[in-house]
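# What the coordinates show
Residue strings, one per chain:
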Amino acid sequence: MVYNNEYIEDIIMIRLFIDTIKQDKNVSKNTVDAYSNDLKGFAEFLSKRGTLRVEDAQKSDIASYLMELKAEGKSKSTVNRKLASIRALFKFLIKKGVVASNPCDGIKVPKIERKEIEYLSVEDIDKLLSMPDDTVKGIRDKALLEIMYATGIRVAEVIALKPSDVNIRLGFVTCTGAVGKARIIPIGSLAKAALEKYIYEARKDLIKENEENAPLFLNYFGEPLTRPGVWKIIKKYGQDADLGDDIKPQILRNSFAAHMVENGADIKSLQELLGHEDIAATQVYLSVKKNRIKDVYDKAFPRA
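Keep in mind that this is a model prediction, so the values were computed, not measured. (Residues numbered from 1 in each chain as written. Predicted model: local features only at pLDDT ≥ 70, side-chain atom pairs only at ≥ 80, totals over all residues. Heavy atoms only, no water.)

On a plain count of helices and strands, the chain comes out with 14 helices and 3 strands. In the chain, which comprises 304 residues, the share counted as buried stands at 40%. For the chain, long-range pairs separated by at least 24 residues make up 59% of all intrachain contacts whose partners lie at least 6 apart in sequence. When the accessible area of the chain is evaluated, it comes to approximately 17800 Å², of which 51% is carbon and sulfur surface. (Helix = DSSP H or I, 4+ residues; strand = E, 2+ residues; numbered from the N terminus. Buried < 20%, exposed > 50% of the residue type's maximum accessible area, 1.4 Å probe, protein only. Contact = heavy atoms within 4.5 Å. Areas by Shrake-Rupley, 256 points an atom, 1.4 Å probe, with all protein chains shown as cover.)

A separate point is the side chain of Arg203. Residue placement: Arg203 occurs in the loop between helix H9 (189–202) and helix H10 (227–240). A polar contact is formed between the side chain of Arg203 and the backbone oxygen of Pro215, at a distance of 2.7 Å. Here Arg203 is in contact with Pro163, Tyr198, Ala214, Pro215, Leu216 and Leu218, once residues within four sequence places are set aside. (Polar contact = N/O pair within 3.5 Å; in protein donor to acceptor, adjacent residues only side chain to side chain.)

Let's shift gears to the packing of aromatic side chains. Within this structure, the stated rule accounts for 5 aromatic pairs. Summarising the aromatic geometry, the rings of Phe42 and Tyr65 are spaced 5.2 Å apart at their centres and angled 55° between planes, so their arrangement reads as tilted. Remark: Tyr65 occurs in helix H4 (residues 59–71) and Phe42 occurs in helix H3 (residues 29–48); sequence separation between them is 23 residues. For the ring pair Tyr198 and Phe217, a centre distance of 5.3 Å and an interplane angle of 15° mean the geometry is stacked. Here the residue Tyr198 occupies a position in helix H9, and Phe217 occupies one in the loop between H9 and H10, the gap between them amounting to 19 residues. Phe217 shares its class with Tyr198; the two are buried. (Phe/Tyr/Trp six-rings, centres within 6.5 Å; stacked < 30°, edge-to-face > 60°.)

Counting 52 residues, the largest nonpolar core has Met148, Leu195, Tyr198 and Phe217 as the members making the most contacts within it. Contributing elements (two or more residues each) for this core: helix H6 (122–129), helix H7 (136–151), helix H8 (155–160), strand E2 (172–175), H9, H10, helix H11 (249–262) and helix H12 (267–274). It is H7 that contributes the most residues to this core, 7 residues altogether. Ignoring anything within four residues of it in the chain, the contact list for Met148 reads Ile153, Val155, Val158, Val230, Ile234, Pro249 and Leu252. One finds Met13, Val32, Leu39 and Val54 within the second-largest nonpolar core, a separate group that totals 29 residues. (Core = buried A, V, L, I, M, F, W, Y, C linked by side-chain atoms within 4.5 Å.)

Note that every value here comes from positions in space, so none of it alone points to a role or purpose.
Structure representation (structure tokens):
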């Protein structure tokens, strides 16, 4: 028996779990969607094995599901995320008294090899940021790129910015963040100049009448820039600057963090600027400093 999509959405315990996490203001919509998709996939797998209720799943079911994901070629990070979603569901069910134990306990997650952080050199950043022209679109794009590099904010955060979040005179932006916690981030003189030019010269040509609550960055229809729209902009200028065909928004965030570390920023301050809940997420950028020291050593020491 295979559940159809409508039935999967109506699985009581999954729906109750999703409804509960939706009420948590510290959980982003992307996280909620990830939980929902992961658990629907697990429910579909269980239905093929004849298990009609998710709460009846056993450790063997979960292990078999993970093996199927691996056989389908899913990455280790994807498998880990789906297991984490199932684990979170059963923690919820234990709390509600629906089950007595978590069948995920004892299941080992695949080890993920940490990828080397991709970031641009200062010279490449300068080249990238010099690509936009002086048209309305170019002025907007210049401000967008400058603010993303100057602050290291995420795509979701930059498209959510409002004009009121920017204080050009004092040189900072207020970012609400992916989990609803506001943080104040300084911006440098070049980012300030680009933002000022965009706000006072170009944005008025993009905004529609009576759009008082419009976000800071708009497209030609006066609508908010979207995540794919930002990706497209960065990819275009990356190609124009001969930096490759696959420059992603994350590389600007990585470049901000890497350059801060290279120039002596302490890890705690960088954590606050990036909006990381867990400092472990920030500590990955320490590898940048270690690699740079190794390069300096290899070039400077005669017996390296």
